[in-house]
Amino acid sequence: MARSAASTRGILLSVAYDGRPFAGYARQRDQRTVAGELLGALRAIDPAIREIRGASRTDAGVHARDQRVAFDTAAPLPPRGWVLATARHLPDEIVIRRAAVVRVGYSPRFESLRKRYRYLILRDLVRDPFLSRRAWRVEGLTDDAIERARAEALAAKGTHDFAAFRTSADERTTTVRTLYGVELSLDPADPRLVRIDVEGNAFLHNMVRILVGTLMDVARGHLAPGAIARALASRDRRDAGITAPPDGLYLEHIHLRDDGQDPWPSGPSDGSSADDAAPEGAPAADDAAPAADDAGAGPGAGAGA
């Protein structure tokens, strides 16, 4: 007997994953992807699920702590059931951390108000096997070098035309974006790790990785201070720095207009305070274009950080 369309509802997930084994988030033919694994696990519970709708399409090797994914289902499972039931069908590198009820057809991509990424840099003379492909090891990163990068980052904050901070694969005509913060800090538990937190309303293709690469080029003396300001003014990719590798990039949190009802576990998807609201007047992400959405995807990988 067919299930009634009236009983169908949307489910919104918060998904975390280690991006190392995958060819990116978006489904690709003959490639192992996060979306492919996730859809397979959900269909093991409800074979009628037709599609999943992600908020951001991260590239191969990029990680996520709070990717947002929605789908429609008529299965009578509460949010807790979706979190627990899919766990047995997912690989160790992927976990659903939270589920909530949303309207049918809900797409987190078009509900996004802002996104926060973190890039991890390891300043060490030798490799750390526990951080392999989880952080970018940069030699010669002294305290003075970090201060140069911190000063350089100030130029990126605010609303600018970031045309110089994208790859040629990004064909969108609108390249103005707003960054609410670009902050450098040392991990209090491991001072070898430099954390670069970037938060904005939306991102261009490879934008965060080029921004991080530019900061590191200035820090190490490969580019003169003021490189970000010059690249913003010229809109020329050649004035910015290198593209940082995907290894150290994490999609930390996506703030949505509607975070769903009856969540399990309760509370914000990233564990932050419920008062962590978007800046007043923050515009929605301009993600309607078919080109890569966000900070670091490579061509063919779907788009993303």
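Residues numbered from 1 in each chain as written. Predicted model: local features only at pLDDT ≥ 70, side-chain atom pairs only at ≥ 80, totals over all residues. Heavy atoms only, no water.

Q: Just to check I follow, could you spell out helix α1 (residues 34-45) for this structure?
A: Since the α-helix packs 3.6 residues into each turn, any two residues three or four apart lie on the same face. An ideal rise of 1.5 Å per residue puts 16 Å on twelve residues; α1 measures up with 17 Å between its terminal C-alpha atoms. Looking at the buried side of α1, the elements it contacts are β1 (9-17), β3 (63-73), α2 (79-87) and β4 (94-102). The backbone nitrogen of glycine 36 lies 3.0 Å from a side-chain oxygen of the residue at the head of α1, namely threonine 33. (Helix = DSSP H or I, 4+ residues; strand = E, 2+ residues; numbered from the N terminus. Expected span 1.5 Å × (residues − 1). Contact = heavy atoms within 4.5 Å. Polar contact = N/O pair within 3.5 Å; in protein donor to acceptor, adjacent residues only side chain to side chain.)

Q: Any chance you could explain the packing of aromatic side chains here in plain terms?
A: How two aromatic rings sit relative to each other is given by the distance of their centres and the angle of their planes. A complete count under the given rule lists four aromatic pairs for this structure. Look at phenylalanine 71 and tryptophan 82: their rings are 5.0 Å apart centre to centre, the planes differ by 75 degrees, and that puts the pair in the edge-to-face class. With phenylalanine 71 in strand β3 and tryptophan 82 in helix α2, the pair connects residues that are eleven residues apart, well separated along the chain. Neither phenylalanine 71 nor tryptophan 82 differs from the other in exposure class; each is buried. A ring pair is formed by tyrosine 117 and phenylalanine 203, whose centres lie 5.1 Å apart and whose planes are at 85 degrees; its orientation type is edge-to-face. Here tyrosine 117, found in strand β5 (residues 112-122), pairs with phenylalanine 203, found in the loop between β9 (190-200) and α5 (207-219); they are 86 residues apart in sequence, far enough to count as distant. Over the face of the ring belonging to tryptophan 264 we find arginine 80, whose NZ or CZ atom lies 5.5 Å from the ring centre. (Phe/Tyr/Trp six-rings, centres within 6.5 Å; stacked < 30°, edge-to-face > 60°. Buried < 20%, exposed > 50% of the residue type's maximum accessible area, 1.4 Å probe, protein only. Lys NZ or Arg CZ within 6 Å of the ring centre and 35° of its normal.)

Q: Explain the pattern of salt bridges to me, please; I cannot follow it from the model alone.
A: Should their charged atoms come close, side chains of opposite charge can pair. Counted under the stated rule, the structure contains 27 salt bridges. One salt bridge connects glutamate 51 with arginine 53, and the closest N-O pair in it is separated by 3.2 Å. On the basis of relative accessibility, which here comes to 12%, the residue arginine 53 falls in the buried class. A salt bridge links arginine 192 to aspartate 128, with the nearest nitrogen and oxygen atoms 2.8 Å apart. (Salt bridge = Lys/Arg side-chain N within 4 Å of Asp/Glu carboxyl O.)

Q: Sorry if this is basic, but what is going on with the packing of α1 against α2 here?
A: The N-to-C vectors of α1 and α2 enclose an angle of 110 degrees; their axes lie 9 Å apart at closest approach. The orientation of α1 with respect to α2, classified from their angle, is roughly perpendicular. On the side of α1, the interface is formed by Ala41, Leu42 and Ile45, while α2 contributes Trp82, Ala85 and Thr86. Class assignment of the residues belonging to the contact of α1 with α2 gives a composition of five nonpolar, one polar and no charged. (Axes fitted to C-alpha atoms, helices over the stretch in contact; angles between N-to-C directions. Parallel < 35°, antiparallel > 145°, perpendicular 65-115°, else oblique. Nonpolar A, V, L, I, M, F, W, Y, C, P; charged D, E, K, R; others polar.)

Q: I'm lost on the pairing of β4 in this one. Help?
A: Regular strands place their side chains on alternate faces of the sheet. Counting buried positions over the nine residues of β4 gives seven, a clear majority of the element. Taken together, the eight bridges between β1 and β4 define a ladder with antiparallel strand orientation. Bridge pairing links valine 15 to isoleucine 96 in β4. Pairing geometry for β4 and strand β11 (residues 261-264), over two bridges, is antiparallel. Residue alanine 99 lies in a different strand from β11, and its bridge partner there is tryptophan 264. (Pairing = 2+ DSSP bridges.)

Q: Would you explain helix α4 (residues 143-153) in this entry?
A: The set of residues buried in α4 consists of Ala145, Ile146, Ala149, Glu152 and Ala153. The buried residues of α4 occupy one face: seen down the axis, they fall within an arc of 120 degrees. (Arc of directions from axis to C-beta.)

Q: What exactly am I supposed to notice about the nonpolar core here?
A: One broad rule of soluble globular proteins: the nonpolar side chains tend to lie buried together. Grouped together as the largest cluster of nonpolar side chains are 70 residues, with contacts concentrated most on Ile121, Phe165, Ile196 and Met216. With eight residues, α5 is the largest single contributor of residues to this core. In terms of nonpolar packing, the next biggest core, distinct from the first, is built from six residues, Leu122, Leu131, Ala135 and Leu193 among them. (Core = buried A, V, L, I, M, F, W, Y, C linked by side-chain atoms within 4.5 Å.)

Q: Explanation requested: the environment of glutamate 37 in the structure shown.
A: Its location among the elements puts glutamate 37 in helix α1. A relative accessible area of 22% means that glutamate 37 is categorised as partly exposed. Put simply, glutamate 37 and tyrosine 25 are twelve residues apart on the chain and 9.5 Å apart in space, counted from C-alpha to C-alpha. In this structure, glutamate 37 is in contact with Phe22, Arg32, Leu90, Pro91 and Ile94, ignoring residues within four places of it in sequence.

Q: What am I meant to see in unusual backbone geometry here?
A: With the exception of glycine, the majority of residues adopt a negative phi angle, and the majority of peptide bonds are in the trans configuration. With an omega dihedral of -10 degrees, the bond running from tryptophan 264 to proline 265 counts as a cis peptide bond. Within the element layout of this structure, proline 265 appears in the segment after β11. Phi at aspartate 30 is positive, roughly 60 degrees, even though this residue is not glycine. For aspartate 30, the location among the structural elements is in the loop between β1 and α1. Residues other than glycine seldom take positive phi values, yet arginine 235 does so here, at roughly 60 degrees. Note on arginine 235: relative accessible area 42%, which makes it partly exposed.

Geometric descriptors of this kind do not, in isolation, establish any biological role.
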